[in-house]
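Observations on the three-dimensional arrangement
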Protein chains: 2
Amino acid sequence: MEMRNVTEADYVRVISVIDDWWGGRMMSDLLQRLFFIHFQETSFVIEEKGTIIGFLIGFPSQTLPKVGYIHFVGIHPKARKEGYARILYEAFFEKVRELGCEKIECITSPVNKGSVAFHKRIGFKIKRGTTSVNGLQIYQNYDGPGKDRVLFEKELS
Amino acid sequence: MEMRNVTEADYVRVISVIDDWWGGRMMSDLLQRLFFIHFQETSFVIEEKGTIIGFLIGFPSQTLPKVGYIHFVGIHPKARKEGYARILYEAFFEKVRELGCEKIECITSPVNKGSVAFHKRIGFKIKRGTTSVNGLQIYQNYDGPGKDRVLFEKELS
C-alpha cells in the first residue's frame, strides 16, 4: 500500500469507476476535475499494486481558514472495512492541522448509513439539521432541491 | 445595481433558479453549497432591487497559487447582454491579482456557444483539447464520461 498526494492524472482513473464504487449511484457529477487540479496538497490517494483503492479530496476553507473541508472520499468496494478511509482522514487531519485548521467539516447523504456510522466512529458529531428522521438530524435540500445531507463536524485536538 | 461578495444564504436563492436560467439544462449538480461557504472572498453576486441577477464563483488555486480559477458564472436570462458578466469577471480579475494570481482559467461546455464567444471577446484564449470540432478545440470527457469541455486561459496584465 502506498499513499501519496493526488495528481490531475488520477482524475481519469477515478472518474471512470466512481459510479460503480457507489453501487450505481450517480456520483460522478459531484466530482469534477477541478478538485484534482487545485487542491492537491490536501488530497490523497492510496494505491495497492498500481490500482487506486481509495482517495480523499479536501481543502482548507479560504473563507474560514480554521476549517478543513472534506469534499469526497471513495474506497474500492473490495477494499472496504480494512481501515483505508481512516488512514486517509488522518492524513488529511495532520496536513490541515499544519496549515492552521482547528476543525473539520464534511457532509454525506442520509441514505449512506455506512458513511454516517463511519463518521461517528472516528469522532465526528452530527450538526443540527432542518428535521430529524428516525433520530438522525438531516438538513433538507442542503445541496439543492431534494438533495438532503447529514452535516458532520469534528474539533481537531 | 449592487455588487457584493457571496454569502451562504445566496446559495438557496441561486440553486432554486439555476436550471431555469440555463433553459432546463441540469446545472444544479455542478453547483454545490460548499462553493458559497468556502470561497466567499473571490466570489460575487450582483443584485438589482433585491433580486440576484448574476453571480460568479471563483477562487485562487491552492496548488497553483498564480492561477485564479472561475468555476461557475450565471446571469439571469432577462439581464443578459447588458455587461453584467464582464463586470463580474473584472471584479474577480482584480481581486485575485491582489492575491498574486497572474493567470485565469475556466471551462465551458461546447454546446454553450454564447459562453465560448463571450470568453473570446474578453480576451481568453482556447487551450488545446483532445479533438477539434468545426474548428473549436474540445477536451473530450474532461469532467467524466461524455462531459466534453472547452478550456480557456487568460494572462492577467
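Shown above is the structure to which this text applies.
An account of the accompanying structure is given in this report. (Residues numbered from 1 in each chain as written. Chains lettered and ligands numbered in written order. Predicted model: local features only at pLDDT ≥ 70, side-chain atom pairs only at ≥ 80, totals over all residues. Heavy atoms only, no water.)

1. Description of the overall build of chain A
Summing up its helical and strand segments, chain A has five helices and nine strands in all. For chain A, the sequential pattern of α-helices and β-strands runs β-α-α-α-β-β-β-α-β-α-β-β-β-β. Whereas a compact globule of 157 residues would reach a radius of gyration of roughly 15 Å, chain A reaches 15 Å, a difference of no more than 12%. Overall size of chain A, expressed as C-alpha extent along the three principal axes, is 45 × 35 × 30 Å. (Helix = DSSP H or I, 4+ residues; strand = E, 2+ residues; numbered from the N terminus. Rg over C-alpha atoms; globule rule 2.2 N^0.38 Å.)

2. Some thoughts on the nonpolar core
Counting residues in each nonpolar core, the largest one holds 50 residues, and the members touching the most others are Phe55(A) and Phe55(B). Not counting the four nearest positions on each side in its chain, Phe55(A) is found in contact with Val14(A), Ile18(A), Trp21(A), Leu31(A), Phe36(A), Phe44(A), Val45(A), Phe72(A), Val73(A), Gly74(A) and Leu88(A). (Core = buried A, V, L, I, M, F, W, Y, C linked by side-chain atoms within 4.5 Å. Buried < 20%, exposed > 50% of the residue type's maximum accessible area, 1.4 Å probe, protein only. Contact = heavy atoms within 4.5 Å.)

3. Quick look at the packing of helix H4 (residues 84-98) of chain B against helix H5 (residues 113-121) of chain B
Residues and elements named next belong to chain B. At a minimum axis separation of 12 Å, H4 and H5 run at an interaxial angle of 55°. The angle between the axes of H4 and H5 places the two elements in the oblique class. The interaxial crossing formed by H4 with H5 has right-handed handedness. Counting all contacts with H4, which are made through Ala-85, Arg-86 and Tyr-89, the residues of H5 involved are Phe-118, His-119 and Arg-121. Each residue belonging to the contact of H4 with H5 can be placed in one class, and the counts come to three nonpolar, one polar and two charged. (Axes fitted to C-alpha atoms, helices over the stretch in contact; angles between N-to-C directions. Parallel < 35°, antiparallel > 145°, perpendicular 65-115°, else oblique. Left-handed = near helix turned anticlockwise from the far one by under 90°. Nonpolar A, V, L, I, M, F, W, Y, C, P; charged D, E, K, R; others polar.)

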